[in-house]
Amino acid sequence: MDIKTYYVKATISYPYKLCLVTDLHDRPYRKILQSVRREKPDSIAIAGDLIIGKLPSRGTKMEQARHALPFLRACASSCPSYYSLGNHEAFLSDTDLAMIRATGVQLLDNSYTRLNKDILLGGLTSSRVTDYRRERKAYYHQHPEDTRPYPFCWASYPTNIPRTDWLSDFEAQKGYKILLSHHPEDWEPWISSHKIDLTCSGHAHGGQIRFYNPLKKQWKGLFAPRQGVLPALTAGRVKGKQGQLIISRGLANTAWPIPRLFNPRELVYIQLY
Ligand SMILES: [Fe+2]
């Protein structure tokens, strides 16, 4: 597992260190906690895909996940911790959300909170989650007799559009604004026009297979969902007019049978100064 620290200049009174966890996909987390003990971040921010997005065969998603709840409890006992939802969190029920909150981790579900007098943190929920919620609500309205918790799998008419109506209120707040947004491909169309200082993403798993491009003298990813082949946004830092985007390569692999190649798992720290 690589550990990467980004240094970001910010208009804040005291330095602040954020640990960014993405795409853990219900994997063991011992090395992450060891690193957190060494690095002593001020907070931990989970930017989606903590679990695996399969329909649960019994119980709820969080009950079936092996490592997610213990990991959240361990995070909350280390330092203030926050969780924003990615596409794999589409099947979380209200019971699951209550279980997450009970760990002590603050859920940022299209909402924001203040970390201290200088810094705010928001969480933009994946459109996969909001699309599924919308269709499930409509389905139950039409089929009140159906009590199955998951009457269908993925949303039939995905919009791929996250719910951004709260971002204007977020950007109007005084302070340095950090947004957790699981999908890096959402930055350009939905986020970069807002005055949000820093956006943190994952999802692309570094493009799964990474290779070196000698012409551009840089490493590139091969494929990412919704970005296709040779995607632009898979890892690293991108600067925009109003703010910047940091993309983690993530902490696990779900693209079986395609292995991660030249693409170690990555735990990111962001040192604001
Ligand atoms: Fe994802």
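That block above? That's the structure.
Residues numbered from 1 in each chain as written. Predicted model: local features only at pLDDT ≥ 70, side-chain atom pairs only at ≥ 80, totals over all residues. Heavy atoms only, no water.

On to the packing of aromatic side chains. Scanning the model with the defined rule gives eleven aromatic pairs in all. Ring centres 6.5 Å apart and planes at 20° place the aromatic pair Tyr-112 and Trp-166 in the stacked group. With Tyr-112 in strand β6 (residues 111-114) and Trp-166 in the loop between α5 (127-142) and α6 (167-172), this pair connects stretches of sequence that are 54 residues apart. The exposure class assigned to Trp-166 is buried, which follows from its relative accessible area of 8%. Summarising the aromatic geometry, the rings of Tyr-139 and Phe-152 are spaced 5.9 Å apart at their centres and angled 70° between planes, so their arrangement reads as edge-to-face. Linking Tyr-139 in helix α5 with Phe-152 in the loop between α5 and α6, this pair joins segments that are 13 residues apart in sequence. For the pair Tyr-139 and Phe-152, a shared accessibility class is recorded, and that class is buried. Cluster of aromatic residues (ring-pair linked, three or more members): Phe-91, Tyr-132, Tyr-139, Tyr-140, Tyr-150, Phe-152 and Trp-154. Here Lys-4 stacks its cationic end above the ring of Tyr-6, 5.0 Å away from the centre of that ring. For the cation-ring pair, Lys-17 lies above Tyr-269, with the distance from its terminal atom to the ring centre recorded as 5.6 Å. (Phe/Tyr/Trp six-rings, centres within 6.5 Å; stacked < 30°, edge-to-face > 60°. Helix = DSSP H or I, 4+ residues; strand = E, 2+ residues; numbered from the N terminus. Buried < 20%, exposed > 50% of the residue type's maximum accessible area, 1.4 Å probe, protein only. Lys NZ or Arg CZ within 6 Å of the ring centre and 35° of its normal.)

With that out of the way, let us pick up the pairing of strand β3 (residues 43-47). Within β3, five of the five residues are buried, which leaves the element mostly enclosed by the surrounding structure. Alternating residues of β3 divide into Ser-43, Ala-45 and Ala-47 and Ile-44 and Ile-46, and every residue in both groups is buried. Direction of pairing for strand β2 (residues 16-21) relative to β3: parallel, over a ladder of four bridges. If you follow Leu-20 over to β3, its bridge partner there is Ala-45. (Pairing = 2+ DSSP bridges.)

Such coordinate-based values are descriptive only and should not be taken to indicate function.
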